[in-house]
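# Chains, contacts and geometry: an overview
Chain by chain, the residues:
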Amino acid sequence: MRSAGGIQHWFNRLVAILTDLQSARRIVRNLIRSRKTRRELGRRLETLPAPENGSIRIAVYFADTKVNLYQIRQWYAPLAELDKSWPVTIITRSPGATLAMLDESPVPVMYLRKVVDLEQFVTDQDLRIVFYVNQNTKNFQMFRYGRMWHVFVNHGESDKMYMTTNQFKAYDYSFVAGEAARDRLSRKLWDFDVDARTMMIGRPQADHFAGDLPYTPDDRTVVLYAPTWEGDREAAAYGSVATHGVALVKALLATGKHRVIYRPHPRSGVVDDDYRRANETIIAAIASANARDRSAQHIYDDGRDMGWQLAAADVAITDVSAMVYDRLAVGKPLLIARPVNPAAEIDTAGYLGHAEWLDAADAGDIVSLVERVQHSPEARERLEFWVERHFGDTRPGEATRRFHEAVAGLIENWDRHAKIHLGDRRVRESDPFEGEGDDEDDPSTSDD
């Protein structure tokens, strides 16, 4: 008869074997999907004309996979507007992301999978400005090229620690929303010349916050709940779905006087099972409420278009994320879910020190809190002050004007430096030790 220890030993071995088999199946499944994606992309690329040499002067570098497409999507409308004055092309490195963008991007997309492809593109084109919307490590494969301005435009404005990372120093310039962003960088970054290396443009995306509503407007109060994901470390544990979300959404659904738009972060539940289950509970509750009352027209929103939600909602509830500041750019009432994790970093020196906070214990009382932020004169006065602090002039079209003005200034600056370096000997800026396969997708993690 086997001892308890022996049984446990064999059980542990069985679990390990099953885990290994599951991992192997996932790798094989992802590899097959990745190869299928590459074949489909290859067929699509054969039908697309190559750009003429020297025709591209402004590019957006997006090396990420599909899971982070939301970061580039929010720039589509401003890029399409910019493209009318200075033609813009998006550089991609991921097959799956490229396929998606070929279908949806309003500006041309260039797929440059290998570093050698990137090198050839830089050699053939006349790049003046390269924009970056995130801090992907592959950005450094583009940074090596020196005869262009590398400009961080980010994918949002917020007081998250991401907004003050020392990686800002890697770029020649950064486009930021307003004075609050400059103050934040001045406090956090040592020896960083904020005046010389940042340009305030407001939030040009807000000039395009429009779209057809997926419901028929009526006398219901529309509440947007747009939480972020759970984060991959305690300092960034801002997500509220598992702590606030279920209670607040169910309370709003129960009134018959509110319409809920629920827009969770695309990465919701990828790390934390409790977060995933809470997200699923909220989605199911919305479906059930709509089944009971078809006129309610509550919305579970997982679409790629972002903007109409912020403009349409009477009140927004967000986490500490860029959504706070996208909502601020609209100038309408909002509540922010206070993180339960005490290790979550919150910069209270700015707007978050004066915001309307929603504690987890008060989530069930959300109806009265929504009423207060809608009608309180003090809340309105605070809101107006911080809108101006973060975005400056938010009149329609003003941020777009400042965005274009900043681009024009960089083009002029490039021309000045090009004259200074006109006689320089042109040398290759490639890395001789960089292998062609170093940037291949990892089949164990690929989402393509």
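Residues numbered from 1 in each chain as written. Predicted model: local features only at pLDDT ≥ 70, side-chain atom pairs only at ≥ 80, totals over all residues. Heavy atoms only, no water.

## Considering the sheet that holds strand β5 (residues 149–152)
Taken together, the seven strands give an open sheet; going across it, the order is β3-β2-β1-β4-β5-β6-β7, and neighbouring strands pair in parallel fashion. Lying at the two open borders of the sheet, with one neighbouring strand each, are β3 (109–111) and β7 (198–200). Strand-to-strand twist in this sheet, taken as the mean axis angle between neighbours without regard to direction, amounts to 25°. Pairing between strand β4 (residues 129–132) and β5: four bridges, direction parallel. Its bridge partner lying in β5, I129 is registered against W149. Against the sheet, helix α4 (residues 95–104) makes contact with β1 (58–62), β2 (88–92) and β3, and its axis sits at roughly 155° relative to β3, the strand it touches most. (Pairing = 2+ DSSP bridges. Helix = DSSP H or I, 4+ residues; strand = E, 2+ residues; numbered from the N terminus. Axes fitted to C-alpha atoms, helices over the stretch in contact; angles between N-to-C directions. Contact = heavy atoms within 4.5 Å.)

## Things to note about the pattern of salt bridges
This model, assessed by the stated rule, comprises 25 salt bridges. We note a salt bridge from R263 to D301, for which the minimum N-O separation is 2.7 Å. Highlighted residues: R263 in the loop between β9 (258–262) and α10 (273–292) and D301 in the loop between β10 (299–300) and α11 (308–312), separated in sequence by 38 residues. By the burial criterion, R263 is buried, and D301 matches it. (Salt bridge = Lys/Arg side-chain N within 4 Å of Asp/Glu carboxyl O. Buried < 20%, exposed > 50% of the residue type's maximum accessible area, 1.4 Å probe, protein only.)

## Re the sheet that holds strand β12 (residues 334–337)
As summarised here, the arrangement of the six strands in space is β10-β9-β8-β11-β12-β13, forming an open sheet in which the pairing is parallel. Whereas interior strands pair on both sides, the edge strands pair on one side only; in this sheet they are β10 and β13 (357–358). Pairing geometry for strand β8 (residues 221–226) and strand β11 (residues 315–318), over four bridges, is parallel. Counterpart to L224 in the pairing with β11 is A316.

## Quick word on empty space enclosed by the protein
In total, this model carries two cavities of 30 Å³ or more according to the counting rule given. Each pocket or cavity is described by its volume, and for the largest cavity that value is around 150 Å³. Along the wall of the largest cavity there are 19 residues; nearest its centre are V153, G156, F175, V176 and A177. Elements supplying a minimum of two residues to the lining of the largest cavity: β6 (173–176) and α7 (179–188). Sorting elements by how many residues they give to the lining of the largest cavity places α7 first, with three residues. The residue inventory of the lining of the largest cavity, partitioned by class, reads 12 nonpolar, four polar and three charged. Of the volumes computed, that of the second largest cavity is approximately 110 Å³. (1 Å grid on protein atoms, 1.4 Å probe; cavity = no way out; pocket = protein on both sides within 12 Å on 5 of 7 lines; lining within 4 Å. Points joined across faces, edges and corners; volume = space filled by probe spheres on them. Nonpolar A, V, L, I, M, F, W, Y, C, P; charged D, E, K, R; others polar.)

## So, the packing of aromatic side chains
The geometry of an aromatic ring pair is captured by the separation of the ring centres together with the interplanar angle, meaning the angle of the planes. For the structure shown, the criterion picks out 17 aromatic pairs. Look at W75 and F403: their rings are 5.5 Å apart centre to centre, the planes differ by 50°, and that puts the pair in the tilted class. With W75 in the loop between α2 (69–73) and α3 (76–83) and F403 in helix α15 (residues 398–420), this residue pair connects regions lying 328 residues apart in the sequence. Under the relative-accessibility criterion, W75 is labelled buried at 3%. Using a relative accessible area of 1% as the deciding quantity, one classes F403 as buried. One aromatic cluster in this structure is built from Y61, Y132, F140, F143, F152, F168 and Y171. One cation-aromatic arrangement involves R128 over W414; the distance from NZ or CZ to the ring centre is 3.7 Å. (Phe/Tyr/Trp six-rings, centres within 6.5 Å; stacked < 30°, edge-to-face > 60°. Lys NZ or Arg CZ within 6 Å of the ring centre and 35° of its normal.)

## A word on the nonpolar core
Of all hydrophobic cores here, the largest spans 35 residues; its most connected members are I72, I90, F131 and F175. Of the residues forming this core, the biggest block, six residues, is contributed by α15. Every residue in contact with I72, bar those within four places of it in the chain, is listed here: V60, F62, L79, I90, M101 and V133. One finds A177, A312, V320 and M323 within the second-largest nonpolar core, a separate group that totals 32 residues. (Core = buried A, V, L, I, M, F, W, Y, C linked by side-chain atoms within 4.5 Å.)

## Here we look at the pairing of β12
Burial along β12 is two-sided: L334 and I336 facing one way and L335 and A337 facing the other are all buried. When β11 meets β12, the two strands line up parallel, connected through three bridges. In the sheet register, I317 faces β12, and the bridge partner there is L335. In the classification by handedness, the crossover that spans β11, the intervening helix α12 (residues 322–328) and the parallel β12 is right-handed. (Right-handed = clockwise from strand over helix to strand, strands pointing away.)

## Considering the environment of N68
Turning to its location among the elements, N68 is positioned in the loop between β1 and α2. Along the primary structure N68 and R267 are separated by 199 residues, whereas in three dimensions their C-alpha atoms are 8.6 Å apart.

## Considerations on the environment of E280
With respect to the helices and strands, the residue E280 is situated in helix α10. Judged by relative accessible area, E280 falls into the partly exposed class, the value being 43%. With 11 residues separating them in the primary sequence, E280 and G269 have C-alpha atoms 9.4 Å apart.

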